[in-house]
Structure formats: structure tokens, C-alpha cells
Amino acid sequence: MMLRMSTSLIRTLREDPADAEVPSHRLLLRAGYIRRAAPGGYTWLPLGRLVLERVTEIVRAEMTAIGDQEVHFPALLPAEPYRTSGRWTEYGDDIFTLADRRGAEHLLAPTHEELAALLVKDLLTSYRDLPVTLFQIQTKFRDEARPRAGLLRGREFLMKDAYSFDLDDEGLRAAYGRHRAAYQRIFDRLGLDYTVVHAMSGAMGGSASEEFLAATPVGEDTYVGCTDCHYAANTEAVTTPAPASGDLRAHPATEVHDTPETPTIASLVALANDRRLAGRDDWSAADTLKNVVLTVRRPGAEAPELLVVGLPGDREVDLKRLAATLAPATVDVFEAWDEHPELVRGYLGPQILGKLGVRYLVDPRVVPGTAWLTGANEPGRHATNVVCGRDFTPDGTVEAAEVRPGDPCPACATGRLTMRRGIEIGHIFQLGRRYTDAFAVDVLGPQGKPVRPTMGCYGIGVSRAVTAIAEQHHDARGLVWPASVAPCDVHLVAAGKGPQLDAALDLGARLADAGLRVLVDDRTAVSAGVKFTDAELIGIPRTVVVGRRLADGYVELRDRATGERTELPVADVLEKLLHG
């Protein structure tokens, strides 16, 4: 394959687009790989399409290598299967829905667990038909409220999704392991620096899941690692080590104090120490119990319900973490204080919540026998020695507090957590029988009785992987594609309009005949300097400059990643490019 820049739809930009927020978005636009078509929607231009196809080829090859079979489901689906599974309401506003001319409701599929289960129900009848794994590479849709960062958070994206069906949980674990290993091979081949982390299953359901996160400062996910062990998790999935319960009788009775003008934790701690509340002058924010009022709306519910989350005062509620825990319910900050005068803003304590019928969930650090400085449910008043299990009884625990660097590792006794940001490029799930139960998918087992298969689900964001690669492989001058996914193997630059141009086209044809992908900059209306700048911006691994030394039979070979430059005879170029 040989592309000529003089005739190809390749348009580079000198300046950064105003709406480009992250390096990948900026560079993919400037280098002529994509073009914005609508909010959250992008056109893949010829160079971008070549990169996307190479990523797709790697994904497909590794899926077929482990025995997965490729299918292609429709993207426009009837609502009924998703109503049956419950996900029509669970997804809420995140899916695109529409009605056809007869009024029948449809959706643009975000994932296809329902369709995969129905296909297996339709075609497979015996245990001898299992195990089986089906996969597809297809455009998916999600109604993002705030599309951003180019391909990183769009409304339309290319995804590989696979669905395994096994007779038992042992088979599911084996399928999960195969896909986990295949994903590692895929991301290794893509040249990505990634971490496999424990994750939440969310609307997908299931008993276990892991994410593959590509490390980058602009990533939307925050994940942790441990200084002493191999523990890694998305912050949404981090569990908090709980202290041992204490003796409820070890604390004196609750005492209420006047604490005027202390609506914040900092002002409360300062006053408590100044006045030696409960005989102490060593109060810290961690000794206070903060009670945050939120609203939670369950799928299909007409109105939200109140939820109060109690946590140590030195922590903030992480709404993203809480939402992941309570999914598919949605969480919002409570604002209607005037409608609920029984909830005293800034002075709310847990002592009355049970009587009010308000659901109260606490951080795992709030265990029976712990005593707190917290609100007294009166304006300008707080209480000391408010003991969990004596003065209030939570409805349960919830992982809602922010995770911080230095927090103890939940997996080992000595480690501390470190934090990084990353882009989710893959997610694998042990779904279990949620979907086969929903659609009564059974096969005849070896004992002649019906057996219900168990499912796994395995997703890769193919277009998102392109973004992740661009985020990790660029410099100040432009993109620096790994050879495995670059749109071309070599970029030929004709640094002249006479014999250099003819020689570049001739050399390009010979390289293409040898099986290399070649881009030739044969433009005559731009300077050599512009061509060199564009070559670095486009980021193909190797550039061959056909310039002044052509008269001596030499060209220059440039390595985009290292910047190394080598002069070599024209006759040796093919051998050098093929064999190094």
C-alpha cells in the first residue's frame, strides 16, 4: 500500500484546536486522523482509519486465537429484552431510545448481553454445545451528558465485546482466565503501559470484575496500588479496613454543647479544643462524625429518597465512588433544606435519623463502640460521646469516603496505597446467571436434566485504545506511534521538486511491492520544512528523507521515537526497513 499526500485526504493543522482538552484529542485532530462531526461524534479520516483497523486486527487475532467465534448483532434493538433484564430502567438516561413509526420502542445498544443470551437460547440445546464464546467488534452508543476529550468520552465508539457460556462456575473461571491473558497480550502488542485492577461491576452485574487501565495523567479513572503487595484497584472498588468494635459501656453519657457558628468541621474542631469539650483539647477532624445528606433515585422510581452518609470528618464523600456502590441507583447532592426543617443544616447528627425513617449508611470506620463529636440536631449545638451502637444504629456500611494516598492497603498488613490516573481500555466480568436466568436459557445436561449456563462478558474499547496509545506515545512535536499500530511503516519525504520527487515515488512503489505500508509526501506546494514538521506530527515510526544527497546515492533514515538519523545508500533502504 502506498499513499500519496498530494492526493490523500490528509490535512494537518498548525495550531491546536480551541476545544481540544487533552494531548490525544489535540494531536489526532492536528495530524489529520479524525475530525469532529458532532458533540461526542468523530469522523475517522484515512490515516485514523488505518490506525483503527490495525488495532482491530490485533484484537480480532487474539480473540480467535483462544477459540472465540465472531458474530455481528444489530445495533438497533427492541426494548423488550432490555425490559426483561431490567437494564432498560437501570441505564436510565445513558442510552439512546427511540420509537419506530408504529410506536414500538427501541434503543441503540450500549452492550449486547441480552442478545447473546437469546441467541444461545435459540441455537444451542445440549451440554455438548458448550462451552462457547461469541464476540463482535461493533459501534456502540451511549448518551453521554458531557462528551469530552475527543474519543475518550464520546457518544459513539467502537468496541469489542465477547460473551462466554459455560455449564458451571469452574468453566466460567477458566474462560475468564483465558480472556484475561488474551487482553494482556493485546495491550502488550498495542504498546500500552497498563495495570489490571479490581473494579465494580455496575449495571453489568456479576460477582467479579477487573479493569485494564492505561496510565495517563488525563485519565478519568483513579486507581490505587500498594507499596508492599500486588494489590491494585479502581478507587470505586477499594475497601476500607474496619477497626475492631469497642465496648459500648466504656464511654460516658452523651453531652450536648453550645457550639455557635461552627457549620464546618474546621470551625468545630477549633472551638472544641478551645473550650475543652468533654475534657479534651486534642480534637481532630478524624474525631468528628460528618453526616452528608444526599438523594438516591432507584431505577423506575417516581421520586428520589433521602440518604444520609456518615463518615469521619477528615474525609469528603466521593460521589463517583458512592454512585458506583449504589448502582444502578443514581445519587445527587441534597438541596431542599427548606422542605425538611427536621434536618438541621450544619448540625445534623445520626441520633434522630432512625425515628425520621431516613436511611443512614456509615463509613466502615464507624463501628459499634466508637464515640464521636457530631451534630446535636439543633442550630448551633453539637454533642460529644455519641456512640455507634448505643446512641445510633446505622442501616449498614457504604464505601463512600474519598481514598487518599497513604491509606492502609486492604490486602496486606503493612502496605500503603499510592494513586495514579488512567484510561479504562478493557473490562472483564464474571456475570454468572443474571441473563440466562432472565431469559430462561437452558441446555440439556449430561444427566438428561436442564442445566442453566453461566456467563462471562469481556469488553475492549477499540477506538478508546487509539486514544490511550496517543496519550502514551507522543512528544512536543507530535504523535509517536508504536510500529504495531502506525498507519504506515515508513514516511517518505521528498525534500525537493525535481529528481528527489521522482526518486521518492519510485522508492515508495518498491517498498509497497515488498509489503510495507508507505506514505509519500509528494506535495510540491509546501516547503521541506513544512514536510518535516508534518512528518513528526503524523508520527510514523520511520521517515526516509530523499534530499540533497540523492545525487550521491544516499538518503537519510530517521527514527521518530529516538530521533536517531542515519545516512544509507538508496539500494540498502529496503533491507534496512525490513530487517533492521
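Our subject is the structure listed above.
Thresholds applied
- Residues numbered from 1 in each chain as written.
- Predicted model: local features only at pLDDT ≥ 70, side-chain atom pairs only at ≥ 80, totals over all residues.
- Heavy atoms only, no water.
- Pairing = 2+ DSSP bridges.
- Helix = DSSP H or I, 4+ residues; strand = E, 2+ residues; numbered from the N terminus.
- Axes fitted to C-alpha atoms, helices over the stretch in contact; angles between N-to-C directions.
- Salt bridge = Lys/Arg side-chain N within 4 Å of Asp/Glu carboxyl O.
- Buried < 20%, exposed > 50% of the residue type's maximum accessible area, 1.4 Å probe, protein only.
- Polar contact = N/O pair within 3.5 Å; in protein donor to acceptor, adjacent residues only side chain to side chain.
- Contact = heavy atoms within 4.5 Å.
- Phe/Tyr/Trp six-rings, centres within 6.5 Å; stacked < 30°, edge-to-face > 60°.

## Section: the sheet that holds strand S14 (residues 255-258)
The strand order S14-S20-S19 describes an open sheet built from three strands, whose pairing is antiparallel. Both outer strands of the open sheet, S14 and strand S19 (371-378), are each paired with one neighbouring strand and no more. Averaged over all adjacent pairs, the angle separating strand axes in this sheet is 30°, with direction ignored.

## Section: the pattern of salt bridges
Applying the stated criterion across every chain, the model contains 49 salt bridges. The partner of Arg321 in a salt bridge is Glu399, and the shortest N-O contact between them spans 2.7 Å. Here Glu399 lies in the loop between strand S21 (396-397) and strand S22 (417-432) and Arg321 lies in helix H8 (residues 319-326), a separation of 78 residues in the sequence. Neither residue differs from the other here; Arg321 and Glu399 are each classed as buried. Taking the shortest distance from any N to any O, the salt bridge between Arg381 and Glu378 comes out at 3.4 Å. When its relative accessible area of 24% is taken as the criterion, Arg381 is described as partly exposed. With relative accessibility at 34%, the residue Glu378 sits in the partly exposed group. One network of salt bridges, in which partners are shared, links Glu21, Glu144, Arg148, Arg153, Glu220 and Arg464.

## A look at unusual backbone geometry
A cis amide bond, omega 5°, links Leu130 with the succeeding residue Pro131. With respect to the secondary-structure elements, Pro131 resides in the loop between helix H5 (113-123) and strand S8 (132-141). Residue Pro328 follows Ala327 across a cis peptide bond; omega there is 10°. Note that Pro328 resides in the loop between H8 and strand S17 (330-333). Positive phi is not limited to glycine here, since Ala149 has a value of about 60°. As for its placement among the helices and strands, Ala149 is situated in the loop between S8 and strand S9 (156-166).

## Some remarks on the side chain of His25
By the secondary structure assignment, His25 is in helix H1 (residues 23-30). The exposure class of His25 is buried, given its relative accessible area of 3%. A polar contact of 3.4 Å, which involves the side chain of His25, links it to the backbone nitrogen of Gly150. Non-local contacts of His25, meaning those with residues more than four positions away in its chain, are made with Asp19, Ala20, Tyr42, Ala149 and Gly150.

## Examining the environment of Asn385
Relative to the helices and strands, Asn385 is located in strand S20 (residues 381-387). Residues Asn385 and Gly219, 166 residues apart in the sequence, show an inter-C-alpha distance of 42 Å. If we ignore the near neighbours within four places in the chain, the residues touching Asn385 are Pro252, Ala253, Thr254, Ala278, Ala371, Trp372, Arg390 and Asp391.

## What to know about the packing of aromatic side chains
How two aromatic rings sit relative to each other is set out by the distance from centre to centre and by the angle between their planes. Going through the model one piece at a time under the given rule, you end up with eight aromatic pairs. Look at Phe187 and Phe212: their rings are 5.6 Å apart centre to centre, the planes differ by 50°, and that puts the pair in the tilted class. Placement of the pair is Phe187 in helix H6 (residues 169-189) and Phe212 in strand S11 (residues 208-215), with a sequence separation of 25 residues. Comparing Phe187 with Phe212 shows no difference in burial state: the two are buried. Judged by centre distance (6.0 Å) and plane angle (75°), the ring pair of Tyr360 and Phe392 falls under edge-to-face. Remark: Phe392 occurs in the loop between S20 and S21 and Tyr360 occurs in strand S18 (residues 359-362); sequence separation between them is 32 residues. Here the two residues Tyr360 and Phe392 agree in accessibility, since each one is buried. Connected via pairs of aromatic rings, a cluster forms that spans Tyr183, Phe187, Tyr194 and Phe212.

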